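Topology and contacts: notes
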Amino acid sequence: MSQFVQDLEKKLKGSVLAEEPLRKHTTIRIGGPAEVLIIPADQQDVVDAVRIAAEYGKQVTIIGNGSNLLVSDNGIPGLVVKLVGGMTTWKLQGNSLVAESGCLLPALIFHTIDAGFSGLEFAAGIPASLGGALVMNAGANGGEIGSLVEEVQACNAAGEVVHFSQGACRFGYRQSVFQSEQWIILAARINLQAGDKAASLARVKQLLGKRKQIQPLDLPNAGSIFRNPIGGVAGKLIDEAGCKGLKAGGAMISNKHANFIVNVENATAADVLELIERVKTMVMAKHGIELHPEVRMLGFSRG
Ligand SMILES: Cc1cc2nc3c(=O)[nH]c(=O)nc-3n(C[C@H](O)[C@H](O)[C@H](O)COP(=O)(O)OP(=O)(O)OC[C@H]3O[C@@H](n4cnc5c(N)ncnc54)[C@H](O)[C@@H]3O)c2cc1C
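Here's a quick rundown of the structure. (Residues numbered from 1 in each chain as written. Predicted model: local features only at pLDDT ≥ 70, side-chain atom pairs only at ≥ 80, totals over all residues. Heavy atoms only, no water.)

**Some words on the site of the ligand**
If you check the shell around the ligand, you find 33 residues, and the closest are I62, G64, S67, S129 and G139. For the ligand, whose free accessible area comes to 960 Å², the fraction covered by protein is 94%. Considering each element in turn, the shell around the ligand owes the most residues, five residues, to helix α4 (residues 130–136). Of the residues assigned to the shell around the ligand, the class counts are 17 nonpolar, 13 polar and three charged. (Near = heavy atom within 4 Å. Areas by Shrake-Rupley, 256 points an atom, 1.4 Å probe, with all protein chains shown as cover. Helix = DSSP H or I, 4+ residues; strand = E, 2+ residues; numbered from the N terminus. Nonpolar A, V, L, I, M, F, W, Y, C, P; charged D, E, K, R; others polar.)

Quick look at the structure:
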């Protein structure tokens, strides 16, 4: 075992896993090994881990619930910090939810509804961690997580903790400042309002039912592969370009939802990349529109 891994094990309270297959940590079940993956027990573990990585000159990569990731078949060198599994504390303060970034959004939706609050229902069925949702400004059904943010707490590669106001997060369509600058989101304060529990639960049930009808939830996937272009819907453009059912190795463009790539049988990241390129070419030929991936690629160069 390397000295780097030994130092992490000595210092951290959370899990330290050397050569951990990342396919176990992505919803599409693809990805080679992390040199070392940690699941921090608390915020101090995150700060300690990034400081140790800096001492060894190791690259740091953050993952949440792995639901918007395509990880290289070669894996990711250096330190991979997985926030889900460890940092999951949350509390309600007045009308605000204060939660750590490893909390899962589906759980937060039910906890807050149960406590008589409304606000997160729009996100029913998004399998995100709070941190990943904030990075991506996850949204659906007319709502976006960024619009509810009061404050985000994050640390940089030196382990310094900074507080971001909503404006400083620079939220846009599936965009935030956390994509262009390397911050590790530790926690956030989310604004909610008093709600009607029965009405909120009914809304969640309806949204989950709708997803089941239109999304291929029975096969591993990473959600929408492409961002919607301005004024268009990626899934519709891909469908019209005749891409449904296209296959590369074990990956396939879903027959149910054209913007989903499903892992039918032991697909590799190379298979998915091949499909992404073929779809881009076919949509360009049919519509003259360039599609851009929404899914985040990690481990291909510097991620
Ligand atoms: C079935 C399905 C349905 C989906 N539906 C939707 C939908 O309706 N709307 C939508 O917006 N998305 C949807 N998604 C995509 C995905 O769930 C979102 O993009 C989500 O926000 C990703 O969260 P995550 O925790 O899984 O992040 P990951 O996929 O693990 O990471 C996403 C990005 O965030 C970074 N990151 C994660 N956590 C942190 C952190 N704490 N600090 C710093 N960086 C971090 C990663 O480095 C990566 O760049 C869907 C996905 C699936 C599989």
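Picking up where we left off.
**Some words on the nonpolar core**
Formed by 35 residues in total, the largest nonpolar core has its most connected members in L120, L130, V152 and I190. Within the residue set of this core, elements represented by two or more residues are β7 (96–100), α3 (105–114), α4, β11 (149–155), α5 (177–180), β13 (184–191) and α6 (197–214). No other element matches the four residues that α3 contributes to this core. The contacts of I190, once residues within four sequence positions are left out, are N95, S96, L97, L120, L130, L148, V149 and E150. Counting 26 residues, the second-largest nonpolar core is a separate cluster that includes A234, A251, I276 and V283. (Core = buried A, V, L, I, M, F, W, Y, C linked by side-chain atoms within 4.5 Å. Buried < 20%, exposed > 50% of the residue type's maximum accessible area, 1.4 Å probe, protein only. Contact = heavy atoms within 4.5 Å.)

**Describing the sheet that holds strand β3 (residues 60–63)**
A sheet is described by the order of its strands in space; here four strands give the open sequence β1-β2-β5-β3, paired in mixed fashion. A single partner strand is all that each edge strand has here, and the edge strands are β1 (15–21) and β3. Neighbour to neighbour, the strand axes of the sheet diverge by 30° on average, direction disregarded. In terms of strand pairing, strand β2 (residues 33–39) meets strand β5 (residues 76–82) through four bridges, oriented parallel. Paired with A34 across the strands is I76, a residue of β5. With respect to the sheet, helix α1 (residues 3–11) is in contact with β1, β2 and β5, its orientation differing from that of β2 by roughly 10°. Across the sheet, helix α2 (residues 43–55) is in contact with β2, β3 and β5; its angle to β5 comes to roughly 170°. (Pairing = 2+ DSSP bridges. Axes fitted to C-alpha atoms, helices over the stretch in contact; angles between N-to-C directions.)

**Some thoughts on a nonpolar patch on the surface**
A cluster of nonpolar side chains, namely F110, L201 and L208, defines an oily patch on the protein surface of about 240 Å² accessible area. With respect to the secondary-structure elements, F110 resides in helix α3. (Patch = residues over 30% accessible without salt bridge, like charges linked within 9 Å, V, L, I, M, F, W, Y side chains within 5 Å. Salt bridge = Lys/Arg side-chain N within 4 Å of Asp/Glu carboxyl O.)

**Describing the side chain of Q59**
Of note, Q59 is situated in the loop between α2 and β3. Overall, the relative accessible area of 14% leaves Q59 in the buried class. Only 3.4 Å separates the side chain of Q59 from the side chain of T61, close enough to count as a polar contact. (Polar contact = N/O pair within 3.5 Å; in protein donor to acceptor, adjacent residues only side chain to side chain.)

Remember that the coordinates give geometry; whether it matters functionally is a separate question.
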